[in-house]
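Examination of the molecular architecture
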Amino acid sequence: MTRWVVIFDDKPEMLDVRRKFGTQHVDYLRANSTKILIGGGLRNAPGEPFVGGLWVVEADSRDEIAKLVENDPYYHPELRSFKILAWGKALEDRTTTL
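Residues numbered from 1 in each chain as written. Predicted model: local features only at pLDDT ≥ 70, side-chain atom pairs only at ≥ 80, totals over all residues. Heavy atoms only, no water.

A look at the sheet that holds strand S4 (residues 80-86)
- An order of S2-S3-S1-S4 is seen for the four strands of this open sheet, with the pairing classed as antiparallel. Strands at the two margins of the open sheet, each flanked by one partner only, are strand S2 (36-43) and S4. Adjacent strand axes in the sheet meet at a mean angle of 15 degrees when their direction is disregarded.
- The pairing of strand S1 (residues 2-10) with strand S3 (residues 50-59) spans eight bridges and is classified as antiparallel. Residue pairing for S3: Val6 is matched across the bridge by Trp55. (Pairing = 2+ DSSP bridges. Helix = DSSP H or I, 4+ residues; strand = E, 2+ residues; numbered from the N terminus. Axes fitted to C-alpha atoms, helices over the stretch in contact; angles between N-to-C directions.)

Comments concerning the packing of aromatic side chains
- The final tally for this structure, using the stated rule, is two aromatic pairs.
- An aromatic cluster is built from Phe8, Trp55 and Phe82, whose rings are joined through pairwise contacts.
- The ring of Phe50 carries the charged tip of Arg43 above its face, separated from the ring centre by 3.8 Å. (Phe/Tyr/Trp six-rings, centres within 6.5 Å; stacked < 30°, edge-to-face > 60°. Lys NZ or Arg CZ within 6 Å of the ring centre and 35° of its normal.)

Details of the pattern of salt bridges
- This model, assessed by the stated rule, comprises six salt bridges.
- One salt bridge in this structure joins Arg18 and Asp10, with 3.2 Å as the shortest N-O distance. No difference in accessibility class separates Arg18 from Asp10, as the two residues are buried.
- Put simply, Lys35 and Glu64 hold a salt bridge, and the shortest N to O gap is 2.8 Å. You can see Lys35 sitting in the loop between helix H1 (14-31) and S2 and its partner Glu64 sitting in helix H2 (residues 62-71), a full 29 residues away along the chain.
- Put simply, Asp10, Arg18 and Arg80 are held in one network by salt bridges that share partners. (Salt bridge = Lys/Arg side-chain N within 4 Å of Asp/Glu carboxyl O. Buried < 20%, exposed > 50% of the residue type's maximum accessible area, 1.4 Å probe, protein only.)

Next up, the structure:
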């Protein structure tokens, strides 16, 4: 299984989608936590509005990840673009407590 990063870039109007579908989105992340290992919103600075997001995913293919993105309640391609990148963790022997 390969580790990937998905980086989301939001238009300002995505904030309305976040407010409307936030609970469903978090439920979706929980339901897919065997694949979506870490997820969260991105801001330009603490306390500022969200401008995107990031997932760390373990999956076999880009297509599998694209389906995860497309089934997320936050999937509104007119307001949120994304890119999928393969990721190699430095210091594989270290763990992080979240």
